[in-house]
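Listed below are the residues making up each chain.
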Amino acid sequence: MEYAILDIEATGGQVGTEKIIDIYIYRFNGVEVEDQFGSMVNPQRSIDFYVQKLTGITEKMVRSAPKFHELAKRIIEITEDCVLVGHGVDFDYRMLRQEFKELGYDYQRKTLDSLDLSQKLLPEMESHSLGKLCKALGIPMRSRHTAEGDTRATLDLFKLLLEKDKDKNIINSFAIHNTHTRQQISKLIKLEEQLPAKTGVYYCLDENKEIIHLAASKNIKQDVNEVFTSTKKTEKRIQTMVEHVNFELTGSFLIALFKEYNESDGLKNLLKPKPKHMSYGLYADLEKNELQILPTHVTKDKALLLFNNKRKGFKTIEQLYRKLKISSETPIKEQLKKIREGIKLKHKNLILIDKGREKNEKSFIEIIDEKTAGYGYYTFYNQIENDEIRENIRVDLVSNGRHDVLLKTFLQFHHFVHVIPFSENEPIKLPKK
């Protein structure tokens, strides 16, 4: 088996617009390195500031570097008949396919993700990020976040993983992912091209026009691209079955989440990859006398707040402790009491004003008696200030526990254009600015 161990650094920016700035490849036959190639690349566009800080690669450094089309033939040759191996290889492979597509060439290779492989073969590791994994395994890392440094570290890690895989079961059956047929790739690219990089809900439909997957998204094009390029089992099923992708823009991400939860109920053929958003919750374990951050699917208990990941959850707990003046020594029941009091809605009736679907539009979410009544969109002030008109344009929602937790989460940690309390006896008045 021939492998092409690689790493790519890119400019950053919106998905589909990034350009390669640094690439390094080792051709490895399972025993020794047969060939190697590396180069900085002139992207012919700016490099995001955070990328410059992370990689140390500046625009001045790549100004005189070769352009991608000057390196394309060498990249094809060194990776010919190879399995591409990278730590999070989906990104590297997508970047290569994207660059080659601009040259009119359909670049296809099999791929193997050393991240997936390490999770299978080294489950005891606390972290499977390349840096922390190499540190834990004593693998030297030089020039972190440069293509050459990360590729060398990935090569050394891969050699170890080959040794750990004594029966070769994972390499032979699990890890090497065959690329799609040209027809499948063409289908996925065509479906993705029509999608906007905006907030809303996207719907993947099969040949019978039945929804097989739907999700709220802050960037529909980017999230669908991640589903279409993923090598995970559920996502691969979606890639095979999908024939249409529809979408609805919402402007407000909270509205998108409401729609996802409401519209998922009752769909029998829905495929559910691991959710990208709000998949962790803050829970109280009274027996262990502690607060915990857990994946929402592992417990039926109602979360106090929701987060995208564990790190955000733990950071939020620290913020809440400082804000509410809670000590870690405080009894858990007293902590819970203070947290519940601190995150509860300050008013029974609220109008939340958020972004709209287009420039001159705003969205609103109406809370009545501390429950989500519905949402809608308006262009003119009277549409929101007139109770009858607002009720007419409102899309009603059946409030549930998930909505309540989302509301508290967003009111604590997300920015709305306006948050307006109201009562039945007083008309709503929006700030005019």
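Structure shown above.
Summarised in this report is the structure supplied together with it.

Thresholds applied
- Residues numbered from 1 in each chain as written.
- Predicted model: local features only at pLDDT ≥ 70, side-chain atom pairs only at ≥ 80, totals over all residues.
- Heavy atoms only, no water.
- Helix = DSSP H or I, 4+ residues; strand = E, 2+ residues; numbered from the N terminus.
- Buried < 20%, exposed > 50% of the residue type's maximum accessible area, 1.4 Å probe, protein only.
- Contact = heavy atoms within 4.5 Å.
- Areas by Shrake-Rupley, 256 points an atom, 1.4 Å probe, with all protein chains shown as cover.
- Lys, Arg positive; Asp, Glu negative; His and termini not counted.
- Charge placed at Lys NZ, Arg CZ, Asp CG, Glu CD.
- Salt bridge = Lys/Arg side-chain N within 4 Å of Asp/Glu carboxyl O.
- Core = buried A, V, L, I, M, F, W, Y, C linked by side-chain atoms within 4.5 Å.
- Phe/Tyr/Trp six-rings, centres within 6.5 Å; stacked < 30°, edge-to-face > 60°.
- 1 Å grid on protein atoms, 1.4 Å probe; cavity = no way out; pocket = protein on both sides within 12 Å on 5 of 7 lines; lining within 4 Å.
- Points joined across faces, edges and corners; volume = space filled by probe spheres on them.
- Nonpolar A, V, L, I, M, F, W, Y, C, P; charged D, E, K, R; others polar.
- Expected span 1.5 Å × (residues − 1).
- Pairing = 2+ DSSP bridges.
- Patch = residues over 30% accessible without salt bridge, like charges linked within 9 Å, V, L, I, M, F, W, Y side chains within 5 Å.

Moving on, we get to the overall build of the protein. Broken down by element type, the protein carries 17 helices and 16 strands. For the protein, the spread of C-alpha atoms along the principal axes amounts to about 80 × 50 × 50 Å. Out of the 433 residues in the protein, the part that is buried amounts to 50%. Look at the contacts in the protein between residues 6 or more apart in sequence, and 63% of them connect residues 24 or more apart. Total accessible area computed for the protein in this model is approximately 23,100 Å², and 48% of it derives from carbon and sulfur atoms. Both charge centroids of the protein, one from 69 positive and one from 64 negative side chains, sit 3 Å from each other.

Once that is clear, we can look at the pattern of salt bridges. Working definition: two side chains of opposite charge can pair if their charged atoms are close together. Following the criterion strictly, the structure yields 23 salt bridges and no others. Lysine 19 is the salt-bridge partner of glutamate 99, the closest N and O atoms lying 3.0 Å from each other. Here the residue glutamate 99 occupies a position in helix α4 (residues 89-102), and lysine 19 occupies one in the loop between β1 (3-10) and β2 (20-28), the gap between them amounting to 80 residues. For the pair formed by glutamate 99 and lysine 19, the shared burial category is buried. In this structure, glutamate 102 engages lysine 19 in a salt bridge whose closest nitrogen and oxygen atoms are separated by 2.9 Å.

Quick look at the nonpolar core now. Formed by 30 residues in total, the largest nonpolar core has its most connected members in Leu254, Leu257, Phe258, Met278, Ile365, Leu406 and Phe410. Looking at this core, the elements that each hand over two or more residues are β6 (200-205), β7 (211-217), α12 (253-264), β12 (350-355), β13 (362-368), β14 (371-378) and α17 (401-413). If you tally residues by element for this core, the top one is α12, at seven residues. Excluding residues within four positions of it along the chain, phenylalanine 258 makes contact with Ile365, Thr372, Leu397, His403, Leu406 and Leu407.

Another aspect to go through is the packing of aromatic side chains. Taken as a whole and judged by the stated rule, the model has 10 aromatic pairs. With 5.3 Å between their ring centres and 50° between their planes, tyrosine 24 and tyrosine 26 make a pair best called tilted. Using a relative accessible area of 3% as the deciding quantity, one classes tyrosine 26 as buried. A centroid spacing of 6.4 Å and a plane angle of 75° characterise the contact between phenylalanine 28 and phenylalanine 158, whose relative ring orientation is edge-to-face.

The next point concerns the environment of lysine 371. Secondary-structure assignment places lysine 371 in strand β14. Lysine 371 gets classed as partly exposed once you look at its relative accessible area, which sits at 42%. The spatial distance from the C-alpha of lysine 371 to the C-alpha of leucine 121 is 47 Å, given a sequence separation of 250 residues. Here lysine 371 is in contact with Glu366, Ser399 and Asp404, once residues within four sequence places are set aside.

All right, on to the layout of surface pockets then. Of the volumes computed, that of the largest pocket is approximately 1,800 Å³. As for the largest pocket, its lining consists of 48 residues, of which Pro273, Lys274, Pro275, Lys276 and His277 are closest to the centre. The set of elements that each furnish at least two residues to the lining of the largest pocket consists of α4, α5 (114-121), β7, α10 (220-229) and α12. With six residues, the top contributor of residues to the lining of the largest pocket is α10. For the lining of the largest pocket, a count of residues per class yields 16 nonpolar, 18 polar and 14 charged.

Moving on, we get to the environment of proline 431. The topology assignment puts proline 431 in the segment after β16 (418-421). The spacing of proline 431 and histidine 418 is 13 residues in sequence and 8.2 Å in space, taken between C-alpha atoms.

So, about α17. When the terminal C-alpha atoms of α17 are compared, their 19 Å separation across 13 residues agrees well with the 18 Å that a helix rising 1.5 Å per residue should span. Within the sequence span of α17, burial applies to His403, Asp404, Val405, Leu406, Leu407, Thr409, Phe410 and Gln412.

This part is about the pairing of β2. Burial within β2 is extensive, with nine of its nine residues counted as buried. Bridge analysis of β1 against β2 gives eight bridges, and the strand direction is antiparallel. From the neighbouring strand, alanine 10 faces β2, where its bridge partner is isoleucine 20. Where β2 lies against strand β3 (residues 33-40), seven bridges are found, and the strand directions are antiparallel. Bridging across to β3, isoleucine 23 finds its partner in serine 39. The loop that links β2 with its antiparallel partner β3 comprises four residues; one of these, glycine 30, has a positive phi angle of about 95°.

Moving on to a positive patch on the surface. Together, Lys132, Arg311, Lys312 and Lys315 make up a region of like positive charge exposed at the surface. Among the elements that make up the positive patch, the one with the highest residue count is helix α13 (residues 310-324) (three residues). Here lysine 315 lies in helix α13. Taking relative accessible area as the criterion, lysine 315 reaches 49% and is therefore assigned partly exposed.

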